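# Understanding the architecture of this molecule
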Amino acid sequence: MKLIAHLTPTQKENDDVKFAVQVFNSWSSGNYYRFFKLYLDAPKMSGYLMDSFVQRERNVVMKRLVKAYKPNITVQKIACLLGYPDSETTLVYLDDLKVVYTNPNKTNVDCKRTVVEL
C-alpha cells in the first residue's frame, strides 16, 4: 500500500501499473469476483504472473463459498466466482477437491456434506 502511495503521476497513467493496482485493491478488499475477472482479462503476460497465486486464492474462496452457500451452490456459479472459463474446467477442480454433488449430473455442490480441506 505504501508503494502505491509513492507512485508518480506518470507511473499512475501507465496501463500496466493501473492493472496491478486494480488487482491489488480487489485482492486486499476481498473482492474475489473482481479479482478473478481481472485475471481472465489480464493484459500482456500478467496472467502468467498471476498464475503463481491464483490457485491459492481459488482455494481460499472455495472454502468460503462452501460455508456461505449452504445447502448448495451450482457449478456454474462457482465457475463464475472463481474465474474459470467453463463448467468442465471447474468440474476438474471440484473433483480434485472431492466435493459432494447433489445429483449425478454434477450441476450442484452439496455444501452441507462437502468439507474442503486445503
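The structure we're discussing is the one just above.
In what follows, the accompanying structure is described. (Residues numbered from 1 in each chain as written. Predicted model: local features only at pLDDT ≥ 70, side-chain atom pairs only at ≥ 80, totals over all residues. Heavy atoms only, no water.)

Residues Lys63, Arg64, Lys67, Lys70 and Lys112 make up a contiguous surface patch of positive charge. Inspection of the secondary structure puts lysine 70 in the loop between helix 5 (46-68) and strand 1 (72-74). (Patch = residues over 30% accessible without salt bridge, like charges linked within 9 Å, V, L, I, M, F, W, Y side chains within 5 Å. Areas by Shrake-Rupley, 256 points an atom, 1.4 Å probe, with all protein chains shown as cover. Salt bridge = Lys/Arg side-chain N within 4 Å of Asp/Glu carboxyl O. Lys, Arg positive; Asp, Glu negative; His and termini not counted. Charge placed at Lys NZ, Arg CZ, Asp CG, Glu CD. Helix = DSSP H or I, 4+ residues; strand = E, 2+ residues; numbered from the N terminus.)

As a further point, take the pattern of salt bridges. Scanning the entire structure with this criterion turns up four salt bridges. The partner of aspartate 16 in a salt bridge is lysine 44, with the nearest N and O atoms 3.1 Å apart. Of this pair, aspartate 16 sits in helix 3 (residues 15-28) while lysine 44 sits in the loop between helix 4 (32-40) and helix 5; the two residues are 28 residues apart in sequence, bridging distant segments of the chain. Exposure remark for aspartate 16: the relative accessible area of 35% places this residue in the partly exposed category. We classify lysine 44 as exposed; its relative accessible area is 68%. Close ionic contact of glutamate 57 with arginine 56 constitutes a salt bridge, the shortest N to O distance being 3.1 Å. The class for arginine 56 is partly exposed, based on a relative accessible area of 49%. (Buried < 20%, exposed > 50% of the residue type's maximum accessible area, 1.4 Å probe, protein only.)

Next up on the list: the packing of helix 5 against helix 7 (residues 87-97). Between helix 5 and helix 7, the shortest axis-to-axis distance is 13 Å and the interhelical angle comes to 70°. Taken together, the axis directions place helix 5 and helix 7 in an arrangement best described as roughly perpendicular. Crossing of helix 5 against helix 7: the hand is right-handed. Residue-level inspection shows Gln55, Arg58, Asn59 and Met62 of helix 5 in contact with helix 7, the latter providing Tyr93, Leu94 and Leu97. (Axes fitted to C-alpha atoms, helices over the stretch in contact; angles between N-to-C directions. Parallel < 35°, antiparallel > 145°, perpendicular 65-115°, else oblique. Left-handed = near helix turned anticlockwise from the far one by under 90°. Contact = heavy atoms within 4.5 Å.)

Before going further, it helps to examine the packing of aromatic side chains. Aromatic ring pairs are reported here in terms of the distance separating the ring centres and the angle at which the planes meet. All chains considered together, the criterion is met by four aromatic pairs. Geometrically, the ring pair formed by phenylalanine 35 and phenylalanine 53 is tilted, given 6.1 Å between the ring centres and 45° between the ring planes. With phenylalanine 35 in helix 4 and phenylalanine 53 in helix 5, this residue pair connects regions lying 18 residues apart in the sequence. Relative accessible area serves as the criterion here: at 22%, phenylalanine 53 is assigned to the partly exposed category. Ring plane angle 40° and centroid distance 5.5 Å describe the contact between tyrosine 84 and tyrosine 93, whose orientation is recorded as tilted. The pair tyrosine 84 / tyrosine 93 is uniform in exposure class, with both members buried. Feature note: the residues Phe35, Phe36 and Phe53 constitute an aromatic cluster, connected by ring pairs. The ring of tyrosine 84 is capped by arginine 58, whose NZ or CZ atom sits 3.8 Å from the centre of that ring. (Phe/Tyr/Trp six-rings, centres within 6.5 Å; stacked < 30°, edge-to-face > 60°. Lys NZ or Arg CZ within 6 Å of the ring centre and 35° of its normal.)

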